[in-house]
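Here is how the chains run, residue by residue.
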Amino acid sequence: MDKNLQEEFTQIIKFKPPLHKQRHQFVKDLVEKYKPKKVADLGCADCSLLWMLKFCSCIEVLAGLDICADVMKEKMHTLSPLPVDYLQPSERSLTVTLHHGSVAHKDPCMLGFDLVTCIELIEHLEESELRKFPEVVFGFMAPSIVVISTPNSEFNPLLPGVMLYRHPDHKFEWNQAQFQSWALETARCYDYSVEFTGVGHPPTGMEKVGFCTQIGVFVRKYPQTGESVQSEKPTAAVHKTVFKAVYPSLKDEKYLQNAVIGEVIFTAQIIKHRLMSKREEYGDDPERKSKFQPSVNCFSDYLGKLVVEKNMEPFFSGNEVYVPLATIFSFPKVNRLCGTFEKLCKLIAGKVPLSSDSSAVIFNIEHENEEN
């Protein structure tokens, strides 16, 4: 293609969405495909990829590593739990940790990950660090999947203002053949397969230039044994932990108990209000009152249809309303939270007003009327 046409492309190339978002979306799509539980981002910088990944429901452990602690510290607050996370804890556990250190050093805190991402990282490494990098990531960490992205130098002539490298901190930028040669040799040495792709399509007519960002997806061929991991462990940690957040989870009994108590009271209140509405509707008319069947089925429009036994019906006794726990346990959300009726009884014991035989939640409507 002639020089004039190439200069024209240089002026008009704009990526939508921006290239960094495309790289992050590529990783997110990979997470959604393979469902890793533990993910590490090497060269995490401003933590923006980690922030995106914390919303992936399959991930239970997230870790970031970067040589520049100050850059991480500027944005690490975005990885902290929000008030809503405490009000509505997730059913999964999630721990996010940031470490300050080099990807050229082995540390036991970086073991055990299913997926390791290295997005726009290797081009920042010195030659000595790049030599150590494969052994640390593929030999020592040995995750099931590794994603490495790096600039494609063949695309640089199409980018406005790029003279040699895209960033002043880049130590090198490979063309497609150089990256693929390095990746294939690395995969061969550590028993991985590798597939090549990328983000940032070239203009029509210049497909040979390749993607603006080239990506290698490495998949481990054989499962790693526990013995090989243990033999590789260094005796001391070399990375410094600069941030750690443990999200509230329903796997923690404290948060589970709060959620169950809240759901039990909410469900019982709904049943009680519907029951009282029915009583007011029928009043004291004996004939109409005899037709009043306060079964849970009258609440089906609110929480779904339920099939319950007669002894599970809520009832009045003087100024008190009794809502059987068996009825409450029949509601899907309570059932899902507790799993068993015995667990329900254990979690609410001493936390919710119950009948003398602990079979029903009690409400005193006389006190409620006085308060109203």
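In the block above lies the structure referred to throughout.
Given the structure is predicted, the values throughout are model-derived calculations rather than measurements. (Residues numbered from 1 in each chain as written. Predicted model: local features only at pLDDT ≥ 70, side-chain atom pairs only at ≥ 80, totals over all residues. Heavy atoms only, no water.)

Caption draft 1: Representation of the sheet that holds strand β9 (residues 315–317). Strand order in the open sheet formed by 3 strands is β9-β10-β11, with antiparallel pairing between adjacent strands. Where the open sheet ends on each side, the last strands, each with one partner, are β9 and β11 (360–364). Along the sheet, successive strands turn relative to each other by an average axial angle of 30°, direction set aside. Relative to strand β10 (residues 320–324), β9 runs antiparallel, the two sharing 3 bridges. Note that in β10 the partner of Phe316 across the bridge is Val321. (Pairing = 2+ DSSP bridges. Helix = DSSP H or I, 4+ residues; strand = E, 2+ residues; numbered from the N terminus. Axes fitted to C-alpha atoms, helices over the stretch in contact; angles between N-to-C directions.)

Caption draft 2: Layout of the pattern of salt bridges. According to the stated counting rule, one finds 9 salt bridges in the structure shown. For the salt bridge of Arg188 with Glu185, the shortest nitrogen-to-oxygen distance reads 2.6 Å. You can see Arg188 and its partner Glu185 sitting in helix α7 (residues 176–189), 3 residues apart, about one turn around the helix. By relative accessible area, Glu185 is classed as partly exposed at 37%. Residues Glu253 and Lys346 are paired through a salt bridge, measuring 4.0 Å at the closest nitrogen-oxygen approach. Within this pair, whereas Glu253 is found in helix α9 (residues 253–282), its partner Lys346 is found in helix α14 (residues 341–348), the two being separated by 93 residues in sequence. (Salt bridge = Lys/Arg side-chain N within 4 Å of Asp/Glu carboxyl O. Buried < 20%, exposed > 50% of the residue type's maximum accessible area, 1.4 Å probe, protein only.)

Caption draft 3: Up close: the nonpolar core. By size, the foremost hydrophobic cluster in this structure holds 40 residues, and its most contacted members are Val31, Leu53, Ile59, Leu98, Val147 and Phe243. Of all the secondary-structure elements, those providing two or more residues to this core are α2 (19–34), α3 (48–53), β3 (95–100), β4 (115–119), β5 (145–151), β7 (213–220) and β8 (240–246). The element best represented in this core is α2, accounting for 5 residues. Among residues more than four places away in sequence, those in contact with Leu53 are Val27, Lys28, Val31, Val39, Ile59 and Leu62. Among the nonpolar cores identified, the runner-up in size contains 31 residues, and Ala40, Met141, Val146 and Ile148 belong to it. (Core = buried A, V, L, I, M, F, W, Y, C linked by side-chain atoms within 4.5 Å. Contact = heavy atoms within 4.5 Å.)

Caption draft 4: Quick peek at the environment of Pro248. Checked against the element boundaries, Pro248 lands in the loop between β8 and α9. In this structure Pro248 comes out as buried when scored by relative accessible area, which is 3%. Discounting residues that sit within four places of it in the chain, Pro248 has contacts with Pro81, Asp85, Tyr86, Pro89, Ser90 and Tyr255.

Caption draft 5: Fine view of the side chain of Thr117. Turning to its location among the elements, Thr117 is positioned in strand β4. Only 2.7 Å separates the side chain of Thr117 from the side chain of Asp41, close enough to count as a polar contact. With residues near it in sequence (within four places) discarded, Thr117 still touches Val27, Ala40, Asp41, Leu42, Leu49 and Val147. (Polar contact = N/O pair within 3.5 Å; in protein donor to acceptor, adjacent residues only side chain to side chain.)

Caption draft 6: Representation of the environment of Glu32 in the model. Looking at the secondary structure, you find Glu32 in helix α2. Separated by 24 residues in sequence, Glu32 and Cys56 place their C-alpha atoms 7.6 Å apart.

Caption draft 7: Up close: unusual backbone geometry. In this structure, the amide linkage connecting Lys16 to the following residue, Pro17, adopts the cis form with an omega of -10°. Along the polypeptide, Pro17 turns up in the loop between α1 (3–12) and α2. With a phi angle near 55°, Glu120 is a residue other than glycine that sits in the positive phi range. Assignment of secondary structure puts Glu120 in the loop between β4 and α6 (127–141). The phi torsion at Ser358 lies on the positive side, around 60°, for a residue other than glycine. Mapped onto the secondary structure, Ser358 falls in the loop between α14 and β11.

Caption draft 8: Geometry of α6. End to end, α6 covers 20 Å across 15 residues, agreeing with the expected 21 Å (1.5 Å per residue, within 8%). Listing the buried residues of α6 in full gives Leu130, Phe133, Pro134, Val136, Val137, Phe138, Gly139, Phe140 and Met141. (Expected span 1.5 Å × (residues − 1).)

Caption draft 9: Main features of the sheet that holds β7. Strand order in this open sheet of 8 strands is β6-β7-β5-β4-β1-β2-β3-β8, and the pairing throughout is mixed. With one partner strand each, in any of the chains shown, β6 (192–199) and β8 form the two edges of the open sheet. The average angle at which neighbouring strand axes cross in this sheet is 15°, direction not considered. One ladder, built from 6 bridges, connects strand β2 (residues 61–66) with β3; its direction is parallel. When the bridges of β3 are listed, Val61 appears paired with Thr95. Against the sheet, α6 contacts β1 (38–42), β4, β5, β6 and β7, and its axis sits at roughly 160° relative to β5. The strands touched by α7 within the sheet are β5, β6 and β7, with β6 carrying the most contacts at an inclination of about 155°.

What is shown is where atoms sit, not what they do.
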